[in-house]
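What follows is each chain in one-letter form.
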Amino acid sequence: MSLTTTPRPPNPMRLQSLSERNESGLFQRRRLHANEPEGQNNTQVPDQLLAGIREMGPQPDINAGASVPGFPLTNGIGSDMSMGIGVCRRCGEGFGQHQQIVNSNGEVWHPQCFVCAQCFQPFPEGIFYEFEGRKYCEHDFHVLFAPCCGKCGEFVVGRVIKALNNSWHPDCFRCQLCAGPLADSGFVKNAGRALCRDCNAKEKARGLGKYVCHKCHSIIEEGHIKYKGEAFHPYHFNCNSCSIELNADAREVNGELYCLRCHDKMGIPICGACRRPIEERVVHALGKAWHVEHFVCAKCEKPFFGTRHYEKKGLAYCEIHYHQLFGNICFTCNSVISGDVFHAFNKAWHVNHFACSICDRKMSQKTKFFEFDLKPVCKFCYDKFPGELKKRLKKAYDEQNKK
Amino acid sequence: MSKLKKYVEESKNTKSPDLEIIDRGVSNLSDNPAFFELSHVTRLTLTHNKLTTIPAAITNLYNLEILNCFNNHIKELPQTISSLAKLKIINVGMNKLSALPRGFGAFPVLEVLDVTYNNLNENSLPANFFHLDSLRALYLGDNDFETIPPEIGKLKNLQILVLRENDLVAIPKEIGELQRLRELHIQGNRLTVLPPEIGNLDLVGSRQAFRGENNPWVTPIADQYQVGVSHVFDYIRTETYKFLYGRHMAADAPPPPKTADKSKKISRLG
Ligand SMILES: [Zn+2]
Ligand SMILES: [Zn+2]
Ligand SMILES: [Zn+2]
Ligand SMILES: [Zn+2]
Ligand SMILES: [Zn+2]
Ligand SMILES: [Zn+2]
Ligand SMILES: [Zn+2]
Ligand SMILES: [Zn+2]
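Here, residues in each chain are numbered from 1, in the same order as that chain's written sequence. The lettering of chains begins at A and the numbering of ligands begins at 1, in the order of writing. Side-chain atom pairs in this predicted model are given and counted only at pLDDT of 80 or more, local residue features only at pLDDT of at least 70, and totals for whole chains, interfaces and linings cover all residues. Side-chain descriptors were evaluated using all non-hydrogen atoms of the structure, hydrogens and water having been removed beforehand.

Q: Would you mind showing me how to read the overall build of chain B here?
A: Helices and strands together make up the secondary structure of chain B, namely four helices and nine strands. Numbering of helices and strands runs from the N terminus; a helix is a DSSP stretch of H or I covering at least four residues, while a strand is a stretch of E covering at least two. Starting at the N terminus and walking to the C terminus, you meet the elements of chain B as α-β-β-β-β-β-β-β-β-β-α-α-α. Looking at the 270 residues of chain B, the share that counts as buried comes to 55%. A contact between two residues is defined here by any heavy atoms of the two lying within 4.5 Å. The contacts of chain B with a sequence gap of at least 6 include a subset with a gap of at least 24, amounting to 47%. Think of it in three bands: with a 1.4 Å probe and only protein chains considered, a residue is buried below 20% of the maximum accessible area for its type, exposed above 50%, and partly exposed in between.

Q: Please clarify how the overall build of chain A should be interpreted in this entry.
A: Along chain A, the regular secondary structure elements total eight helices and 23 strands. Here chain A holds 403 residues, and 40% of them are scored as buried. Put simply, 23% of the contacts in chain A that link residues at least 6 apart link residues at least 24 apart. Total accessible area computed for chain A in this model is approximately 22,900 Å², and 50% of it derives from carbon and sulfur atoms. Note on areas: Shrake-Rupley, 1.4 Å probe, and residue coverage restricted to the protein chains presented here.

Q: Mind showing me how you'd approach a nonpolar patch on the surface here?
A: Residues and elements named next belong to chain A. Residues Val 143, Phe 155 and Val 157 make up a contiguous nonpolar surface patch of about 210 Å² in total accessible area. Position of Val 157 among the secondary structure elements: in the loop between α3 (138–145) and β6 (161–163). Using a relative accessible area of 32% as the deciding quantity, one classes Val 157 as partly exposed. In this analysis, a patch consists of residues with relative accessible area above 30% that form no salt bridge, clustered at 9 Å for like charges and at 5 Å for the nonpolar side chains Val, Leu, Ile, Met, Phe, Trp and Tyr. Within this document, salt bridges are pairs made up of a side-chain nitrogen of Lys or Arg and a carboxyl oxygen of Asp or Glu, the two lying within 4 Å of each other.

Q: Is there a simple way to explain the confidence of the model for chain A in this structure?
A: Detailed reading of the predicted model is not advised wherever pLDDT is low. Per residue, pLDDT captures the predictor's confidence, and it can take any value from 0 to 100. Of the residues in chain A, 78% reach a pLDDT of 70 or more, and the chain-wide mean stands at 75. This stretch, residues 1–83 of chain A, has a pLDDT under 50; its non-local contacts, to residues over four places away or in other chains, come to 132 contacts.

Q: Explain the coordination of the zinc ion (ligand 2) here, please?
A: Around a metal, the idealised angle for a tetrahedral arrangement of four donor atoms is 109.5 degrees; for an octahedral arrangement of six donor atoms it is 90 or 180 degrees. All names here are of chain A. With distances of 2.2 to 2.6 Å, the protein atoms coordinating the zinc ion (ligand 2) are Cys 175 (SG), Cys 178 (SG), Cys 196 (SG) and Cys 199 (SG). Sequence positions of the donors to the zinc ion (ligand 2) reduce to the motif C-x2-C-x17-C-x2-C. Residue classification places Cys 178 among the partly exposed residues on the basis of a relative accessible area of 43%. Note that water is not among the atoms used; donors are N, O and S atoms within 2.8 Å of the metal (3.2 Å for Na, K and Ca), so sites may look incomplete.

Q: Which parts of the structure should I look at to understand the pattern of salt bridges?
A: Between side chains of opposite charge, a pair can form when the charged atoms approach closely. For the coordinates displayed, the defined rule picks out 30 salt bridges over all chains. One salt bridge connects Arg 159 of chain A with Asp 184 of chain A, and the closest N-O pair in it is separated by 3.2 Å. On the criterion of sequence distance, the pair formed by Arg 159 of chain A in the loop between α3 and β6 and Asp 184 of chain A in the loop between β7 (166–168) and β8 (188–190) is long-range, its members being 25 residues apart. Using a relative accessible area of 36% as the deciding quantity, one classes Arg 159 of chain A as partly exposed. On the basis of relative accessible area, Asp 184 of chain A is assigned to the exposed category, the value being 67%. Here the salt bridges share partners, and the residues they tie into one network are Asp 373, Glu 388 and Arg 392 of chain A together with Asp 142, Arg 164 and Glu 165 of chain B.

Q: Can you help me understand the nonpolar core in this one?
A: Grouped burial of nonpolar side chains is what soluble globular proteins tend to show. Residues and elements named next belong to chain B. We call a set of buried residues a nonpolar core when its members are Ala, Val, Leu, Ile, Met, Phe, Trp, Tyr or Cys and they connect through side-chain atoms within 4.5 Å of each other. Phe 35, Leu 44, Leu 138 and Ile 175 are the most contacted members of the largest nonpolar core, which totals 73 residues. The set of elements that each furnish at least two residues to this core consists of α1 (2–14), α2 (219–227), α3 (229–236) and α4 (239–251). Considering every element that reaches this core, the biggest residue donor is α3, with four residues. Once residues within four sequence positions are removed from consideration, Leu 44 is found in contact with Leu 19, Phe 35, Ile 58, Leu 61, Leu 64, Ile 66, Leu 67 and Asn 68.

Q: Where do I start with the pairing of strand β16 (residues 282–285) of chain A in this structure?
A: In the case of a regular strand, side chains alternate between the two sheet surfaces. Residue and element names in this part refer to chain A. In β16, alternate side chains face the same way, and those of Val 283 and Ala 285 are buried while those of Val 282 and His 284 on the opposite face are not. Bridge count for β16 against strand β17 (residues 288–291) is four bridges, and the pairing is antiparallel. Within the sheet, the bridge partner assigned to Ala 285 lies in β17 and is Lys 288. Linking β16 to β17, which pair antiparallel, is a turn of two residues; within it Leu 286 sits at a positive phi near 55°. Pairing between strands is defined by DSSP: at least two bridges between them are needed.

Q: How should the sheet that holds strand β8 (residues 183–185) of chain B be read in this particular structure?
A: Hydrogen bonds along the backbone pair up the strands of a sheet, which may run parallel or antiparallel. Residue and element names in this part refer to chain B. Ordered in space as β1-β2-β3-β4-β5-β6-β7-β8-β9, the nine strands form an open sheet in which the pairing is parallel. In this open sheet, the two edge strands, each paired with only one partner strand, are β1 (18–20) and β9 (209–211). For this sheet, the mean inter-axis angle between neighbouring strands, taken without regard to orientation, is 5°. Direction of pairing for strand β3 (residues 66–68) relative to strand β4 (residues 89–91): parallel, over a ladder of three bridges. Pairing of Ile 66 across the sheet is with Ile 89, part of β4. Here an angle of 0 to 180 degrees is reported between the N-to-C directions of two axes, which are lines fitted to C-alpha atoms, with helices fitted over the stretch in contact.

Q: What should I look at first to understand the coordination of the zinc ion (ligand 3) in this one?
A: Residues and elements named next belong to chain A. Coordination sphere of the zinc ion (ligand 3), protein contribution only: Cys 213 (SG), Cys 216 (SG), His 233 (ND1) and His 236 (NE2), at 1.9 to 2.2 Å. The geometry test gives tetrahedral to four donors whose angles all lie between 85 and 135 degrees, gives square planar to four donors and octahedral to six donors whose opposite members are over 155 degrees apart with all other angles between 65 and 115, and gives irregular to the rest. For the zinc ion (ligand 3), the four donor atoms are set out with angles of 96 to 122° between them, so the coordination reads as tetrahedral. Written as a sequence motif, the donor residues of the zinc ion (ligand 3) are C-x2-C-x16-H-x2-H. Residue Cys 216 is found in the loop between β10 (211–212) and β11 (219–220), and its partner His 236 is found in the loop between β13 (230–232) and β14 (251–253); the two are separated by 20 residues along the sequence. For Cys 216, a relative accessible area of 18% puts it in the buried group. Taking the relative accessible area as the measure of exposure, His 236 reaches 23% and is therefore partly exposed.

Q: So what exactly am I meant to see when it comes to α3 of chain B here?
A: Given 3.6 residues to a turn, an α-helix orients residues that are three or four positions apart in the same direction. Residues and elements named next belong to chain B. For α3, the complete set of buried residues consists of Val 232, Phe 233, Tyr 235 and Ile 236. The arc that holds the buried residues of α3, viewed along the axis, is 160°, so those residues lie on one side. Elements in contact with the buried residues of α3: β9, α2 and α4. Working note: the arc is built from the helix axis to C-beta atom directions.

And the structure:
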């Protein structure tokens, strides 16, 4: 038996049915422990079988001698039962006249013989489980027959889900990605994980670098749109303004979808790099709008993030690359020099910003100036330097020029 | 006092953004309270005077972008100075500073700091000094630094670093993190080796400068320096050098002695 979802080209999915299990642990145990196969229906679905077993117990308290309504077994302890009652089912001895007799389903026991087939102890609170003609205390029944849940580690009594070589409580068997219940909906095995159909489709699409449509759950072969954070085939929607069927260029604005034409008419800025609308901070530069993170240096492609950028021939550069490529940022005002440039000491100045670094007085091409730490110093200021400094500077200058 | 008054009156009248008082023997600004009302001034140049202090009221000139006090007798800067929110260039070179005030690192847009020719060392810097990440040029030449704190690596925008003629015995490897650095002046110190991380920097080229002469370099570096700066950089990028550097550091030899006689520095006098 296998479940299939409604076939949906191009990728029909085959679901693994819950009942389509290879061999259950219980079934194996049952064969191991079965003394008398008695022509039982060995093909019975194990979880159904287990459910059936559970319905036999817990049994009512034997001392109470009561019976469960609708339950065919009758258990009871009677005294002064007739001598013709027979022998104890366990020890084969008869019963004395005033001995208590445990009576269960037409068979009788000495009270001390009515014990768990595994631990030989009386049943705590009279509760026992019966399986293949033997009676077990709750503890041993669980140990012997009830599987452990692969998730929570507790015994699974009742309906058991067998999947991925393990047993599970129905409520513990959930999609490993979205944690949605799988017990009734079926699951898909994906890389050793049990996933729901949706998650499996998403995983598969992710592997292919594609999206899964949130509406029809099939892979979007080309051109998805994002709507409320989910991916969709564009053709499931129409433009909120002109009602045309949407294509992948559609844009979401305040929770509504618009075709590109209507969107552009609404005046929402489109990023000059990625062509997508800018919902948050807009950078206006080079005559275009940009996502903050998409406005980048043309050389190193790092976003400016609000730091200064320099424009040249329709491109923007970070300071370091602008300087590297074009090299004319004024040392004094740190801005790009568009007019005449004054060059000295690996640096550039606006012509009217070139000044003595000591007294700030303007200097021209004709002014004589000295170098001090690769900065210009006018003669007036140089002359004011202490003698010991001038001596050191002169020595360094001479050494430099010896080379 | 009357000298200053003339400049104040003139500035008040012209509302010129530039105020230059150069070589006028001015020793005190506090004498003239009207001076601190000149809030239209964006550049104040007080080069070659006799100021012994900059009054805290300097912050009233809140439009200042450039403050130049080169060659005065300033021993101390006011703690308030870092609240000059528009200050981009400060030059307090050739003074008698032995420390920078607490909170100095709080300037929001400072680009150029020139404290050349003072009496500063690694203990003179306030704790927040390396918060000055807008700095593009730092001039510390002619001071008394023996080491540079590794936090120097936080000055991500630094393009120019001048450590000329201090007493440096080592350069922190964090200088290799200054991706924008294009001028490094470390001549005239007590340096024997360079951290291999400096090889990350691009200091060779027509727009770059590396000055390393007058240091007691280990022989292989001295030899490469003879042939040219590019050879020094090629060399410190080799595995051989990394190995030698590791061994040199492990040996932990005492640094070369101080040789420079600084007693004649005018920052020491008085
Ligand atoms: Zn469980
Ligand atoms: Zn799921
Ligand atoms: Zn769809
Ligand atoms: Zn439309
Ligand atoms: Zn974009
Ligand atoms: Zn760049
Ligand atoms: Zn300029
Ligand atoms: Zn000058």
